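Observations on the model geometry
Residue-level listing of the chains:
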Amino acid sequence: VGYLALLQNIQSRNTEEAEVRHKAKVAEQSKTLKAAVAEYKRRYKRAPPKGFDQWWNFAQQHNVKFVDDYDGMVSDLAPFWELSGDR
């Protein structure tokens with residue numbers, strides 16, 4: 001087996017593994033608003049933000065695949081949640 005064939009075999013295996021992981025990740029996403037709220041509370045130790053139900057409806061209408069993953073956004077906004085909101 002040549003080097004190129006070996007690389008193609010590795011790439012094919014990696015692609016297949018990635019597809020399996022992606023399908024599993026999609027399958028574990030919440031299927032209802034109630035489940036999404038519970039998952040949000042479990043992950044982030046707070047209630048979802050105001051309007052979460054409207055976002056959920058939008059996500060369902062537009063076939064959003066990952067409705068439970070906000071890690072990046074939560075991390076980016078963390079410093080602002082420390083502010084009181086008072087001037």
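Here we summarise the structure given alongside this text. (Residues numbered from 1 in each chain as written. Predicted model: local features only at pLDDT ≥ 70, side-chain atom pairs only at ≥ 80, totals over all residues. Heavy atoms only, no water.)

When you line up the elements, Ser30 lands in the loop between helix H1 (3-27) and helix H2 (33-44). Here the side chain of Ser30 touches Ala36 through a polar contact of 3.4 Å, landing on its backbone nitrogen. (Helix = DSSP H or I, 4+ residues; strand = E, 2+ residues; numbered from the N terminus. Polar contact = N/O pair within 3.5 Å; in protein donor to acceptor, adjacent residues only side chain to side chain.)

Moving on, we get to the packing of H2 against helix H3 (residues 52-61). Their axes nearest at 11 Å, the elements H2 and H3 cross at an angle of 120°. By the angle between their axes, H2 is oblique relative to H3. As H2 runs across H3, the sense of the crossing is right-handed. Each of Leu33, Ala36, Val37 and Tyr40 in H2 lies in contact with H3, whose residues at this interface are Phe52, Asp53 and Trp56. Residues belonging to the contact of H2 with H3 are distributed by class as follows: 6 nonpolar, no polar and 1 charged. (Axes fitted to C-alpha atoms, helices over the stretch in contact; angles between N-to-C directions. Parallel < 35°, antiparallel > 145°, perpendicular 65-115°, else oblique. Left-handed = near helix turned anticlockwise from the far one by under 90°. Contact = heavy atoms within 4.5 Å. Nonpolar A, V, L, I, M, F, W, Y, C, P; charged D, E, K, R; others polar.)

Another point: unusual backbone geometry. In this model, Lys45 sits at a positive phi of 55°, which is unusual for a non-glycine residue. Mapped onto the elements of the fold, Lys45 is located in the loop between H2 and H3. Of note in the backbone geometry, Asn63 takes a positive phi value of approximately 55° without being a glycine. In this structure Asn63 comes out as exposed when scored by relative accessible area, which is 52%. (Buried < 20%, exposed > 50% of the residue type's maximum accessible area, 1.4 Å probe, protein only.)

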